[in-house]
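Listed below are the residues making up each chain.
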Amino acid sequence: MHVTHFSRNVRTWIFSIIRYCAMVIILYAAPAHPAHAEDGTIAINKLEISGLLHTTEDTIRRLLPRPIPSHFTRAEVEEFERRIRNLSLFDRVKVATQDGTIAVDVREKFTLSPILSFTSGTSVKDLNATAGLVEYNLDGTGTQIGGQFNYSQRGPNVDVWISEHAYRPDRWAKEVKGSYASNGIRFADSTATWTRNRIGGEFELKGPFAYGSPLRYEVVAKIYRELVQDQTGTGARPPDGYYVGLIPEVTWDRYHWHDLVPFGYRIALELRPGYFLGANQPRHEARLRYLQGIPLTPMTVLMINTVAEAVNNSRNPNHSILMGSIAGVRGLSDNLYRNRAQTYTNLELRHAIQIAPRWALQGVLFSDFGAFQPFSDEGSQRDWIGTVNVGAGIRVVPTFLTNTLLRVDCAQLLSPSPNSLIQVGITQYF
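Nothing here was measured: the structure is a model prediction, and the numbers come from that model. (Residues numbered from 1 in each chain as written. Predicted model: local features only at pLDDT ≥ 70, side-chain atom pairs only at ≥ 80, totals over all residues. Heavy atoms only, no water.)

A word on the sheet that holds strand 5 (residues 101-108). Strand order across the open sheet formed by 3 strands is 2-5-4, with mixed pairing between neighbours. Each edge of the open sheet carries a strand with a single partner, namely strand 2 (46-50) and strand 4 (90-98). Mean inter-strand twist for the sheet, computed between neighbouring axes without regard to direction, equals 15°. Strand direction decides the pairing type here: strand 2 and strand 5, joined by 5 bridges, are parallel. When the sheet's bridge partners are listed, Ser50 is paired in strand 5 with Asp105. (Pairing = 2+ DSSP bridges. Helix = DSSP H or I, 4+ residues; strand = E, 2+ residues; numbered from the N terminus. Axes fitted to C-alpha atoms, helices over the stretch in contact; angles between N-to-C directions.)

The subject of this paragraph is the side chain of Asn318. Within the element layout of this structure, Asn318 appears in the loop between strand 19 (300-311) and strand 20 (321-323). The residues touching Asn318, leaving out its near neighbours within four places in the chain, are Ile185, Trp194, Arg196, Arg198, Glu226, Val228, Pro238 and Arg283. (Contact = heavy atoms within 4.5 Å.)

Taken over all residues, the pLDDT of the protein has a mean of 88, while the share at 70 or more is 91%. Overall, residues 1-7 carries pLDDT values under 50, and its contacts beyond four positions in sequence, including any with other chains, amount to 10 contacts. Note on residues 20-38: pLDDT is under 50 here. Beyond four places in sequence and across chains, it has 15 contacts. (pLDDT = per-residue confidence, 0-100.)

See the structure below:
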């Protein structure tokens, strides 16, 4: 598909918006809270915690930079509060220091939760639906354990995992995951289709990070078996084989999670060197992600999510990256564009109204835009395609639940071809 004059104009507009967003990021990347006027350290002899139901006091205590009694800087107290908040176990977190005591007051969420996520796609076949169960606070330690059945990419997927939280400054957090995926592969310019089956596992280590540094690092070892079935069309059959890879990731984390008004930013670089054994194919991948919340009022936030990613490929579209409405640009066809490289940005202006204790109604204006370079069914590269939409949505947010809400978005895709979409989900789009 050739890039039309209109698409080139869209890309020019996209890059102009990206430059504008970069200027906004530079101006607003500083923490949203005003800096303390006081310098020096605070002598802390006692920790008092109130509001815990199932979480152990030791889980909170081990988030401190060092055992009490000790001296703490104002910056360390603020980071201690951020780490408690980022556990996502509480919808209220207050940390205060007075007379040698650091007092923590929290309100705990329900942490044994069904996983019932749903995101509509551009057709019934392309929806994304998940059912499962997860405990976010195993034994009161902030450890997750869960399992889920997921229908996505036109096929069934199963995942089971156990994962320690990464906010303790004195340990390597571990995660173990097993998965099975059966995905339907199709293309925009060909009738060729097949089913790609994968079964495998991951082992992840997340490094401890110092209080004085936003630098975080982790590494994942991954292996899976890949089989191709039910091929139609006249092209060559993609090979079967085993993948082994190592995934290092570096993150610069200044992000403060909140149900309604997150603030701060996070930048993550992920490299995925790997090899497809049996077929003698390198399978390398790189991904850069940027997330930022810019509070405009106590209940209003501008959210920015940017992703840029690419693969190196030996003419095998089974090793590709995917863009559509479910992840990327709302209104774009799902499970159709399997790409060598892609980039997209999601902008959301969110404003919330408290409608009841621990309930909020949030209105959203959004625009998603990006560009991608798709593969053909034979693994050759097509021209770049630009894409952009505009839209609005609404969320009903029960803040007492962990990572659960009702989302309805109405999107109008402007390019590469006009399309309207009403998308429903029970998590934020990003």
